[in-house]
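Coordinate analysis (summary)
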Amino acid sequence: MTEKKKTIPEEPCHPVYSLQRILALLMFFLLFIPTANPARVCDLVNKNLSLLTSAISWTGLTSDVGRGFRAGWVSESSFRLIMAGSIVMLLGICVIAVGACMSFGNNKLKRSSFLFSLAGPFITVAGEALLVLSSSRIVEFARANGKLDRVYSGTLNGFLVGKSFVPYPSGRMILFAAIGALLLILTIITLIGTPAPEKGEKAQMESRYSLFLMFLPFALLTFIFCYLPLWGWRYSFFDYQSGQTLSKESFVGFKWFKFLFENEATRNDIFRVMKNTLAMSFLGIITSWVPLAFAVFLNEIPSKRFKRFVQTATTIPNFISWILVYAVAFAIFSTDGFINSVFGGNTNYLMSSSHMWLKMLLWGTWKGVGWSAIIYIAGIAGIDRQLYEAATVDGAGRFQRIWHVTIPGLVPTYMVMLLMAVAGMLSNGLDQYLVFSNHANATDMEVLDLYVYNLGIKGGSIPLSTVISMTKSLVSIALLFMANSISKLVRKESII
Amino acid sequence: MADQVKQTKPRIKTETRRKIISGGDLAFYAVDHLFFLVFTITCLFPFYYLLINTISDSESVSKGIVNFFPRGINLQNYIALKNVNALGSAALVSVLRTIIGTAVMVAASAFVGYLVTKEEMWHRKFFYRFLVITMYFNAGLIPWYMNMSMLGLTNHFAAYIIPGIVAPYNIILVKTYIESIPKELEESAFIDGASFFTVFRKIIWPLSKPILATIAIFGAVGHWNSFQDSLILMSDAPNLYTLQHRLYIYLTQTSDLKNIINDPNSPSAAAMAANPKLIKYTISMISVIPILLVYPFMQRYFEEGIMLGAVKG
């Protein structure tokens, strides 16, 4: 009897539902984008604030208004209204999201999902209404105090009619409302198309979809923290200073890419920094056999206890941070440290600028060799004992056994480690070089990661440092793929 | 099997006992032992040196005579730390982020690790790759920072916790481990009518405890040592600095450290202010101690730990 009514099949992946979910997802992501923040009803709201932040963080929302509150030309209640509006919008978007998730279920569950999908857009628009109201109140209040120019630097978002202000919704609000309206239409279509559930049918969902929905929050987190930063690469194409917003006017194309090579000071910096980076990496690669040798010779020690003790002690430095490594260095090598008080003298070895690369290499080895050796120690344990016995029977001495049995057994692991080191050639890490650098040795210490930190975070040149960050990431990925294809070619096995 | 082991053991022992140690071997052993002994000492001595200096009386330390043995053992320096500004809040932040961050990460890794073993999940392959691929690229420091500030996570404690919830490495470890658990266990539970969550709670969680302990320990050490996020994200919120960040500030402060001590009139604080390097040493010790305390537990998980670097998706 439901044959005719069934215009939309129960299949949860029907295009109408998919469209609905994509719109819901879009709305969800708009929550994080400051440019699309409808809560920015006047210039006093921080330009880098997303709708989500305005809904959950009062300090974030009012970060730029402190002076206005104190001077009394902005009323706190109107900002409370902005926050209330943001919260209502957030709630509406959550309701929409819940509806979109429930639409994965059977007809019965879909029926209940319509309730959410219908209510959501209305709640969202209600939140927008609160925001519009707050904008009118802010303007009226500021006008009464003669500070209207502080609230709107450009054009007013509405008309002044006598004493009262009639605002119109901003483009950002219209965007949200439009998506809401589209969702509403889609919901009504599906509502009409979905047949009434059979009597006694229980609301349920196929396990493949419920598993997916359980996974979804984690996928979103991954997206927000690992994929969304890629969106930040756009800063490399703009003239950006912190606190500003990106606009068409500030778009400069490849200016900063050219600047990198045309500006002599920057170019010299880059050459110097690349020299340090590659030198550190090559020194690391050249000495990459050290953990292997460490493992091999530790294995030659007959006493299990001594072996265990050495292994325990030499792994400790791996688990302390670079700051603590520096603290250790400070205790031993500073002016009144161990070396000076034993041998007498007054040199602060940490302030000297000689042989910095070698010193950094040694600190890296001190910290990491014990830990890196563990993988080889495990590798040696996995080598067939019979090979050693056979070699002994054949008259092989200790070093011949090491050379012909142990080493060949470890080479595959070593190759993987080596290739990973090549792939990570540009990433020396920030911590070590940051903590050990001081005004005396900074020139030889600045590796790429530290340079980006100094330039972008300390110096505030966001676009230029983004260019470098971005180039570094792309080159690193290329190196990784290269290392991987070499591994595939030689070992018939990929490393990633 | 057990009998075999018992039989072979004595044989090997007698063999080694019977082996005649030649002069060359002796030299080799001597050099080998010496090398490892020296290297082990270089790894341990700095911590020992910090310890003896912090527990000796500050006068001897000032004279520079505390080099190998402590003199006049007391805990004055540790007691005086309560007078160091901002140290308490930094320690609290570090402890909180370590506990909360690790707990959340372990729970999420266990749950997601179990989810991705479910082959019937909608587009499982795609989403699993979506997760794992993030280990091999990152957008770079500045885009990351801009993203965090866009999300409103700068100068906020949540910045220590939320980004660490999904840890792809750990998820892979848990997934691999769960796949080694016999499928029949959960299947029979499902047949008996258990729900997904019941199976997770009653079967998967208890059985995968070894791997969860591993990622918990390594995760906790990572949180405790973490420094970059505090340095970069908390620039306007000094009360949210981690202990490592505070230590970094104190270590690199070249001007005198007297101004970080409040209540300079108390005798312990005065003694400490007289010898600022002791403040640095003692705070360093405070930061090392938790690592040394969990270290014996960690060792049990080294074998799994190396997998952290070697596993494949």
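Residues take numbers from 1 onward in each chain, read along the sequence in its written order. Whichever chain is written first becomes A and whichever ligand is written first becomes 1, with later ones labelled in order. Thresholds applied to this predicted model are a pLDDT of at least 70 for local features of residues and 80 or more for the giving and counting of side-chain atom pairs; totals over whole chains, interfaces and linings are not thresholded and use all residues. Hydrogens and waters are ignored; side-chain quantities use all the structure's heavy atoms.

**Some points on the overall build of chain A**
Counting its regular elements, chain A contains 22 helices and two strands. Atoms considered for the radius of gyration are the C-alpha atoms alone. The globule rule reads 2.2 Å times the number of residues to the power 0.38. Radius of gyration (C-alpha) of chain A: 32 Å, far over the 23 Å computed for a compact globule of 496 residues. Viewed in the frame of its principal axes, chain A has a C-alpha envelope of about 95 × 70 × 45 Å. Relative accessibility decides the category of a residue: with a 1.4 Å probe and only protein chains considered, values under 20% of the type maximum give buried, values over 50% give exposed, and everything between is partly exposed. The burial tally for chain A puts 49% of its 496 residues in the buried class. Only the protein chains shown count as covering a residue, and every accessible area follows the Shrake-Rupley method with a 1.4 Å probe. As displayed, chain A offers around 23,400 Å² of accessible surface, 66% of which is attributable to carbon and sulfur atoms. Only four residue types enter the tally: Lys and Arg on the positive side, Asp and Glu on the negative side, with His and both chain ends excluded. A charged residue contributes its charge at one atom only: NZ of Lys, CZ of Arg, CG of Asp or CD of Glu. Seen as two clouds, the 42 positive and the 27 negative side-chain charges of chain A have centres 4 Å apart. Runs of E in the DSSP output that reach at least two residues are strands. Runs of H or I that reach at least four are helices, and both are numbered from the N terminus.

**A few points about the domain arrangement of chain A**
Domain boundaries assigned for chain A yield domain 1 (15-205) and domain 2 (255-491). Boundary definitions for the domains trace back to an automatic or database domain assignment. Computed from C-alpha coordinates alone, the two centres of domain 1 of chain A and domain 2 of chain A are separated by 50 Å.

**Comments concerning the side chain of Q20 of chain A**
Mapped onto the secondary structure, Q20 of chain A falls in helix α1 (residues 15-30). Residue Q20 of chain A is classed as buried on the basis of its relative accessible area of 5%.

**As for the packing of aromatic side chains**
Residues and elements named next belong to chain A. In summary, the pairing rule links any two rings of Phe, Tyr or Trp, Trp by its six-membered ring, whose centres are within 6.5 Å, and it sorts them by plane angle into stacked for under 30 degrees, edge-to-face for over 60 and tilted for everything else. Using the criterion set out here, one finds 57 aromatic pairs over all chains in the structure. Centre to centre, the rings of F319 and W371 are 5.2 Å apart; their planes meet at 75°, and the pair counts as edge-to-face. Residue F319 is found in the loop between α13 (304-315) and α14 (322-333), and its partner W371 is found in helix α16 (residues 356-381); the two are separated by 52 residues along the sequence. Exposure remark for F319: the relative accessible area of 4% places this residue in the buried category.

**Overview of the interface of chain B and chain A**
Chain B puts 88 residues into the contact, and the matching count from chain A is 91 residues. A quick way to say it: buried area is the sum, across both parts, of accessible area lost when two parts are put together, with a 1.4 Å probe. Buried surface at the junction of chain B and chain A, summed over both partners, amounts to about 8,200 Å²; 78% is from carbon and sulfur atoms. Of all residues in chain B, F36, W122 and M150 of chain B give up the largest surface area on contact with chain A, accounting jointly for 9% of the area buried on that side. Criterion for a salt bridge: a side-chain nitrogen of Lys or Arg within 4 Å of a carboxyl oxygen of Asp or Glu. Along the contact surface separating chain B from chain A lie one salt bridge. Residue D25 of chain B pairs with R398 of chain A through a salt bridge whose shortest N-O separation is 2.9 Å. Distance and chemistry together define a polar contact, namely a pair of N or O atoms within 3.5 Å, with one atom able to donate a hydrogen and the other to accept it when in protein, and with adjacent residues in sequence counting only for side-chain atoms on both sides. One can count 18 residue pairs in polar contact (both at pLDDT 80 or more) joining chain B with chain A. Of the residues forming the side of chain B that touches chain A, the biggest block, 18 residues, is contributed by helix α2 (residues 23-55) of chain B. The classification used treats Ala, Val, Leu, Ile, Met, Phe, Trp, Tyr, Cys and Pro as nonpolar, Asp, Glu, Lys and Arg as charged, and all other residues, Gly among them, as polar. When grouped by side-chain class, the residues that make up the side of chain B that touches chain A number 61 nonpolar, 19 polar and eight charged. Any two residues whose heavy atoms approach within 4.5 Å at even a single point are treated as in contact.

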